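What follows is each chain in one-letter form.
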Amino acid sequence: QVQLVESGGGSVQAGGSLRLSCAASGITFNLYEMGWYRQAPGEQRELVASITSGGTIAYDDSVKGRFTISRDNAKNTMYLQMISLKSEDTRLYYCKANLGRRQYWGQGTQVTVSS
């Protein structure tokens, strides 16, 4: 059974930092492209950052220079280090694992930034 479990969300003031984790099980983690997405109520889910199995990284322009995605294949875990958080970063954050037609999502972790 595939499981992606996010953790590390919470409430912080603007300018603060959080580190999200996504622990995967039931997949050959090192083969999968991994991504962080976020969604506000009533809005579409949007890609924040992604990292391929080979380590190629991409970011949405809105988080460049503030967020850092990484993965530890030995721990089957992906991370998102977030600094200089803004109120507009307030979203439910999801991790996704993708390999061809196989796509798996976590349940999400809430990030709330107060100004």
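Right above here is the structure, for reference.
Let me sum up the structure you'll find in this document. (Residues numbered from 1 in each chain as written. Predicted model: local features only at pLDDT ≥ 70, side-chain atom pairs only at ≥ 80, totals over all residues. Heavy atoms only, no water.)

## Considerations on the nonpolar core
Line of reasoning, step 1. With 26 residues, the main nonpolar core has M34, W36, M78, L80 and M82 as its most contacted residues.
Line of reasoning, step 2. Of all elements in the fold, only β3 (18-25), β4 (33-39), β5 (46-51), β7 (67-72), β8 (77-82), β9 (91-99) and β11 (109-114) reach the threshold of two or more residues within this core.
Line of reasoning, step 3. Broken down by element, the residue count for this core peaks at four residues, all from β3.
Line of reasoning, step 4. When residues no more than four places from it in sequence are discounted, the contact partners of M34 are L4, C22, F29, A49, S50, I51, I69, R71, M78, K96 and A97. (Core = buried A, V, L, I, M, F, W, Y, C linked by side-chain atoms within 4.5 Å. Buried < 20%, exposed > 50% of the residue type's maximum accessible area, 1.4 Å probe, protein only. Helix = DSSP H or I, 4+ residues; strand = E, 2+ residues; numbered from the N terminus. Contact = heavy atoms within 4.5 Å.)

## Structural notes on the pattern of salt bridges
Line of reasoning, step 1. For the structure shown, the criterion picks out five salt bridges.
Line of reasoning, step 2. One salt bridge connects R38 with D89, and the closest N-O pair in it is separated by 3.0 Å. Of this pair, R38 sits in strand β4 while D89 is found in the loop between β8 and β9, placing the two residues 51 residues apart along the sequence.
Line of reasoning, step 3. Close ionic contact of D61 with K64 constitutes a salt bridge, the shortest N to O distance being 3.0 Å.
Line of reasoning, step 4. Through salt bridges that share partners, R38, E46, R66 and D89 make up one connected network. (Salt bridge = Lys/Arg side-chain N within 4 Å of Asp/Glu carboxyl O.)

## Overview of the sheet that holds β7
Line of reasoning, step 1. Strand order in this open sheet of four strands is β1-β3-β8-β7, and the pairing throughout is antiparallel. With partners counted over all chains shown, the strands left at the sheet margins are β1 (3-7) and β7, one partner each. Here the average twist between neighbouring strands, direction ignored, is 15°.
Line of reasoning, step 2. Where β3 lies against β8, six bridges are found, and the strand directions are antiparallel. Looking at β8, one finds that L20 is bridged to L80. (Pairing = 2+ DSSP bridges. Axes fitted to C-alpha atoms, helices over the stretch in contact; angles between N-to-C directions.)

## Looking at the environment of W36
Line of reasoning, step 1. Inspection of the secondary structure puts W36 in strand β4.
Line of reasoning, step 2. A distance of 3.2 Å separates a polar side-chain atom of W36 from the backbone oxygen of Y79. (Polar contact = N/O pair within 3.5 Å; in protein donor to acceptor, adjacent residues only side chain to side chain.)

## Focus: the state of the cysteines
Line of reasoning, step 1. Under the definition given, this model contains one disulfide.
Line of reasoning, step 2. One disulfide in the model links C22 with C95; its S-S distance is 2.1 Å. As the torsion about the S-S bond is roughly 55°, the C22-C95 disulfide counts as right-handed. Residue C22 is found in strand β3, and its partner C95 is found in strand β9; the two are separated by 73 residues along the sequence. Pair check on accessibility: C22 and C95 agree, each one buried. (Disulfide = S-S within 2.5 Å.)

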